[in-house]
Structures are given as structure tokens and as C-alpha cells.
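Okay, here's what each chain looks like letter by letter:
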Amino acid sequence: MESVSSTWDRDSCRACSKEVRTRSSSRSQRTASACASPTRTRAQATVLNIATGGVIKSIAVGGEPEGIDLSPDGKFVYVTAEADNRVYVIDADRLEVVSVTDVGARPRSTAFTGSAARAYVSAENDASVSVIDSSTHAMVARIGFDDPPMRPMGVVAAPDGAH
């Protein structure tokens, strides 16, 4: 079971944009959030034990992490880093970054097809959506929005991948 909710933690983070919770037989109950320190010198995804609230691990990611989204198969967490124009892919079992992918300027959020074959990352200042092959975590296409100028932030994909 997965749930996603917005969070704000003024004491320890500038912004924790989302909390991704997973519950499965292969993983203990965990939650992950992405945040930047008030001075923006440290950006990380933090994995917590839901039952105890204790920190399991903090994982370094790029500057100004904005979006944090779990792939439908529960294997990967995608964290968008606005300052770096990258997506950091974290293996949900090993709790380590397994890929860093360059995308358009100021990436905001990620949506997945129901099969998890593709990830779509919105890039607000690039007026684009990057299409990422979820098996290789490589960008395979860029969808640009040139006329009229757009600033895509949120993104969703149809479960069947048709839209």
C-alpha cells in the first residue's frame, strides 16, 4: 500500500515536498522525504521507520529537492532536484542513489505509467516534460511546449500509458 502526502518541516528542512510511504512484505514500513537545509548547503532524502519515527538513512541528493515519487512497482524513488536540473533515482531496498539523470530546467515532479516502464518529469523553467526509461533511468525523449509558453509543474500519466 502506498500513500503520498505533502509535508513542511520548518525545524529541520526548508521544504519537505512529499512523504512516500510503502508497506510490503519485503520491506519494513518506511517513509521517505526530500528536503534542503535552511541554508541550502545540504540536500537529502531521509528514510524513516514509520513505527518508531527513527531515521533509517539520509541520502544525499541534488540542490533544492522538490518532488519525491515512488515507482508503481515500489522499487525506486525518484527525487527531482531543481537547482541541479536532475533526477536522483534511489533504490528502495538498498537505500542508495543508483542513477542521476539530467532533465530540463527546474524539474518539479514525476509520474509513472502503470507498468512503471516510463517516468515523466515536468521541467517548469524548460517548458518541457522529460520521458525516462524506468529500466535504465535514461532520458529517451523530451516533450517541449513552445507555443504558448508553459510552465509545467505537476504531471500525471494514464495507468495504461496511453496519455
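Please refer to the structure higher up on the page.
No experiment lies behind these values; they were computed from the predicted model shown. (Residues numbered from 1 in each chain as written. Predicted model: local features only at pLDDT ≥ 70, side-chain atom pairs only at ≥ 80, totals over all residues. Heavy atoms only, no water.)

Quick word on the packing of aromatic side chains
- Under the criterion given, the structure shown has one aromatic pair.
- Taking the centre distance of 5.0 Å and the plane angle of 90° together, the rings of Tyr-78 and Phe-112 count as edge-to-face. Placement of Tyr-78 in strand β7 (residues 76–81) and of Phe-112 in strand β10 (residues 107–112) is noted, with a sequence separation of 34 residues between them.
- A relative accessible area of 11% places Phe-112 in the buried class. (Phe/Tyr/Trp six-rings, centres within 6.5 Å; stacked < 30°, edge-to-face > 60°. Helix = DSSP H or I, 4+ residues; strand = E, 2+ residues; numbered from the N terminus. Buried < 20%, exposed > 50% of the residue type's maximum accessible area, 1.4 Å probe, protein only.)

Things to note about the pairing of strand β4 (residues 43–49)
- The element β4 is largely enclosed, with a buried count of five among its seven residues.
- Examined bridge by bridge, β4 and strand β5 (residues 55–60) share five bridges and lie antiparallel to one another. Bridging across to β5, Leu-48 finds its partner in Val-55.
- Adjacent in sequence and paired antiparallel, β4 and β5 are bridged by five residues, among which Gly-53 carries a positive phi angle near 80°. (Pairing = 2+ DSSP bridges.)

What about the pairing of strand β12 (residues 128–133)?
- Judged by how many residues are buried, β12 sits mostly within the fold: six of six residues are covered.
- Going residue by residue along β12, you find Ser-128, Ser-130 and Ile-132 tucked away on one face and Val-129, Val-131 and Asp-133 tucked away on the opposite face as well.
- Pairing analysis gives six bridges linking strand β11 (residues 118–123) to β12, with the strands arranged antiparallel. Paired with Val-121 across the bridge in β12 is Ser-130.
- Taken together, β11 and the strand that follows it, β12, pair antiparallel across an intervening segment of four residues, in which Ala-127 is found at a positive phi of about 50°.
- In terms of strand pairing, β12 meets strand β13 (residues 138–144) through six bridges, oriented antiparallel. Each bridged residue has a counterpart across the sheet, and for Ser-130 the counterpart in β13 is Arg-142.
- Here β12 hands over to β13 after four residues, with His-137 in that stretch at a positive phi of 65°.

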